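# Understanding the architecture of this molecule
The lines below spell out each chain.
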Amino acid sequence: MPDTITLELFRYHPDRDERPRFQAYEVPFREDWVVLDALNYLKDRVDGSLTYRWSCRMGVCGSCGMMVNGYPKLTCAAFLRDYLPGPIRVEPLSGFPVERDMVVVLDDFMQKLSSVKPWIIRETAAETMASGEYRQTPAQLAAFKQYSMCINCMLCYAACPVYQHEEQFVGPAVLALAQRYNLDSRDQGNSQRYPVVWADDGIWDCTFVGECSAVCPKHVDPAGAIQQAKIQSTVGFMRSLLPFGNR
Amino acid sequence: MRYSNEPLFWSLFSAGGMLAALLLPVLIVLTGFVLPADEIAFSHLQDIFSNALIRLVLFALAFLVFMHWANRFRHTLVDMGLKSLHTPISVLSYVVAIAGTAWAALVLLG
Ligand code: SF4
Ligand code: FES
């Protein structure tokens, strides 16, 4: 085992740097360290201006996503030992504007996320607490559970070749979340999500490359969700052609 | 709401892809290997292919496979950066696909 390993970090402080650059750092090599541990070591002891997001250190908060040797990864789950002998190149998530070092601008993603109304919508009027909880069978839960595991880490966006070229694409995680609520037996909001989900820049921008599902740390399978939605949209489209179709 | 017209092209694309995966290898083996190797007599195969129903199936296959090709071709070109030419590329792709289908009709149903 080596004593140290080299990290090549993407550095960019718009107030100070004219253009982004890479800076190499030696960090101690520890068998149980992940890339995030190495970044924290550098920030604490070498360069306090190093900027990146993180919180939980256990693959739950979704904030530590970066490109590690060109591949979107949760840095709290990327062990140094898997990148021996190094160097390890760490960059901000691909496809997003950079705010500072590894911190990317989230506005586009957040706006898309809220556009599909990712919450349970009820259209039935006058429901009160007294009417009780909405009950669900295990099968009804299983229909959407996988899609509800998303932690909004955006690794799937960084992996998606369509999103890299077409900024307006609603994108994998958001479409999977829309599907999560559309498939929920308690939800009645499908018709409010269709205009975004079934649009040209929604599911129809997807060419089923499948990289989103390959990189997802939570096995959400956004690619599968999008394919499912394509079938539903096609059924809706065919129905709309019928004279007695309901839309 | 106004629907994207993508479902129409996508369903033809999907059907074509599915049929191509299932039937084309069989046809390639039959006409490319089994027949030249004299494993079955040409007249036997000709009998099978002169059946009207079989011809209809082959025609549907040709049509859907052309539709599959057109959709993939146009999306590939657009994704490779020709987004501004999306409409002419789409028109061209489907004109070629329809021409191919017409040719298949001429051969099979004529
Ligand atoms: S779908 Fe997976 S990769 Fe995409 S944001 Fe959610 S957890 Fe991350
Ligand atoms: S720090 Fe929370 S997911 Fe990595």
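Nothing here was measured: the structure is a model prediction, and the numbers come from that model.

## Here we look at the overall build of chain B
Helix and strand counts for chain B come out as 4 helices and 0 strands. Of the regular secondary structure in chain B, the N- to C-terminal order runs α-α-α-α. For chain B, the C-alpha radius of gyration of 17 Å lies well beyond 13 Å, the compact-globule estimate for 110 residues. In terms of its C-alpha atoms, chain B occupies a principal-axis envelope of roughly 55 × 25 × 20 Å. By the burial criterion, 28% of the 110 residues in chain B qualify as buried. Sequence-distant contacts, at least 24 apart, represent 69% of the contacts inside chain B between residues at least 6 apart. In the structure as shown, chain B presents an accessible area of about 6900 Å², 75% of it carried by carbon and sulfur atoms. Measuring between centres, the 5 positive side-chain charges of chain B sit 21 Å from its 5 negative side-chain charges.

## So, the interface of chain B and chain A
At the junction of the two partners, chain B supplies 12 residues and chain A supplies 20 residues. Around 1400 Å² of area is buried between chain B and chain A when both sides are counted, 66% of it from carbon and sulfur atoms. Along the contact surface separating chain B from chain A lie 1 salt bridge. Two residues, Lys83 of chain B and Glu166 of chain A, come together in a salt bridge whose shortest N-O distance is 3.2 Å. For the interface between chain B and chain A, the tally reads 2 residue pairs in polar contact (both at pLDDT 80 or more). Elements that contribute at least two residues to the side of chain B that touches chain A include exactly helix 1 (6–34) and helix 3 (52–79) of chain B.

## Remarks on the nonpolar core
Residues and elements named next belong to chain A. Core analysis: the largest hydrophobic core is formed by 67 residues, its most contacted members being Leu7, Leu9 and Leu80. A total of 6 residues in this core trace back to one element, the largest contributor, which is helix 6 (residues 172–182). When residues of this core are assigned to domains, at least three map to each of domain 1 (4–104) and domain 2 (107–241). Setting aside residues up to four positions removed in sequence, Leu80 forms contacts with Ile5, Leu7, Pro28, Phe29, Arg30, Trp33, Val34, Val35, Ala38 and Ile88.

## Remarks on the domain arrangement of chain A
Residues and elements named next belong to chain A. As assigned here, chain A comprises domain 1 (4–104) and domain 2 (107–241). Using only C-alpha atoms to locate each centre, domain 1 and domain 2 end up separated by 30 Å. Listed by partner, the interface residues are 16 residues for domain 1 and 16 residues for domain 2. Summed over both partners, the interface of domain 1 with domain 2 buries about 1100 Å², with 66% contributed by carbon and sulfur atoms. Of all residues in domain 1, Pro72, Leu74 and Phe96 give up the largest surface area on contact with domain 2, accounting jointly for 39% of the area buried on that side. Linking domain 1 with domain 2 are 0 salt bridges. Joining domain 1 to domain 2, the criterion identifies 3 residue pairs in polar contact (both at pLDDT 80 or more).

## Observations concerning the side chain of His68 of chain B
For His68 of chain B, the location among the structural elements is in helix 3. Residues within four places of His68 of chain B in sequence aside, it is in contact with Phe13, Gly16 and Gly17 of chain B.

## Thoughts on the pairing of strand 4 (residues 71–74) of chain A
All names here are of chain A. Only one face of strand 4 is buried: it carries Pro72 and Leu74, and the other face, with Tyr71 and Lys73, is open. In terms of strand pairing, strand 3 (residues 65–68) meets strand 4 through 4 bridges, oriented antiparallel. Bridge assignment links Val68 to a residue of strand 4, and that residue is Tyr71. From the end of strand 3 to the start of strand 4, which pair antiparallel, there are 2 residues, and Asn69 there has a positive phi angle of about 50°.

The rules we used
Residues numbered from 1 in each chain as written. Chains lettered and ligands numbered in written order. Predicted model: local features only at pLDDT ≥ 70, side-chain atom pairs only at ≥ 80, totals over all residues. Heavy atoms only, no water. Helix = DSSP H or I, 4+ residues; strand = E, 2+ residues; numbered from the N terminus. Rg over C-alpha atoms; globule rule 2.2 N^0.38 Å. Buried < 20%, exposed > 50% of the residue type's maximum accessible area, 1.4 Å probe, protein only. Contact = heavy atoms within 4.5 Å. Areas by Shrake-Rupley, 256 points an atom, 1.4 Å probe, with all protein chains shown as cover. Lys, Arg positive; Asp, Glu negative; His and termini not counted. Charge placed at Lys NZ, Arg CZ, Asp CG, Glu CD. Buried area = accessible area lost by both parts, 1.4 Å probe. Salt bridge = Lys/Arg side-chain N within 4 Å of Asp/Glu carboxyl O. Polar contact = N/O pair within 3.5 Å; in protein donor to acceptor, adjacent residues only side chain to side chain. Core = buried A, V, L, I, M, F, W, Y, C linked by side-chain atoms within 4.5 Å. Domains from an automatic or database assignment. Pairing = 2+ DSSP bridges.

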